[in-house]
Amino acid sequence: MQTIAVNGMHCQNCSNSVKEALTKQGASNVRVDLEKKCVSWEGNISKEQAKDIIDGQGFDAVL
């Protein structure tokens, strides 16, 4: 499982948009931790790809 820090997520809607975007790109078991401000996933998506996907949703993923 890979994990990346994400700034700017505040609520369940934020969590859902990140989960949906990563899942559409092939990630599985996507987990968003709003308290720790991070996202974890499994699959063939690199951290760099995940950053691009998450940033595209309006958040700030940090490698």
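Our structure's up above, just so we're on the same page.
What comes next concerns the included structure. (Residues numbered from 1 in each chain as written. Predicted model: local features only at pLDDT ≥ 70, side-chain atom pairs only at ≥ 80, totals over all residues. Heavy atoms only, no water.)

**Section: the environment of asparagine 44**
- Here asparagine 44 lies in the loop between strand S3 (38-42) and helix H2 (47-55).
- Measuring from C-alpha to C-alpha, the distance between asparagine 44 and glycine 8 comes to 25 Å, with 36 residues separating the pair along the chain. (Helix = DSSP H or I, 4+ residues; strand = E, 2+ residues; numbered from the N terminus.)

**Some details on the nonpolar core**
- Counting 18 residues, the largest nonpolar core has Val6, Met9, Val18, Leu22, Val39, Trp41 and Ile54 as its most contacted members.
- In terms of residues, this core owes the most to one element, helix H1 (residues 12-24), which gives 4 residues.
- Sequence-distant contacts of valine 6, that is, excluding residues within four places in its chain, are made with Lys37, Cys38, Val39, Ile54, Phe59, Asp60 and Ala61. (Core = buried A, V, L, I, M, F, W, Y, C linked by side-chain atoms within 4.5 Å. Buried < 20%, exposed > 50% of the residue type's maximum accessible area, 1.4 Å probe, protein only. Contact = heavy atoms within 4.5 Å.)

**Points about the side chain of serine 15**
- In this fold, serine 15 is placed in helix H1.
- Exposure remark for serine 15: the relative accessible area of 2% places this residue in the buried category.
- In this structure serine 15 touches Val32 and Leu34, once residues within four positions along its chain are discounted.

**A look at H2**
- Within H2 the residues assigned to the buried category are Ala50, Ile53 and Ile54. All buried residues of H2 fall inside an arc of 95° around its axis, so they share one side.
- If you follow the buried residues of H2, they end up packed against strand S1 (2-7), H1, S3 and strand S4 (60-62). (Arc of directions from axis to C-beta.)

**Some thoughts on the pairing of strand S2 (residues 28-33)**
- Sheet topology note: the S2/S3 ladder contains 4 bridges and is antiparallel. The residue bridging serine 28 from the neighbouring strand is glutamate 42, located in S3.
- Where S2 folds back on S3, the antiparallel hairpin that results is connected by 4 residues, among which lysine 37 adopts a positive phi of roughly 55°. (Pairing = 2+ DSSP bridges.)

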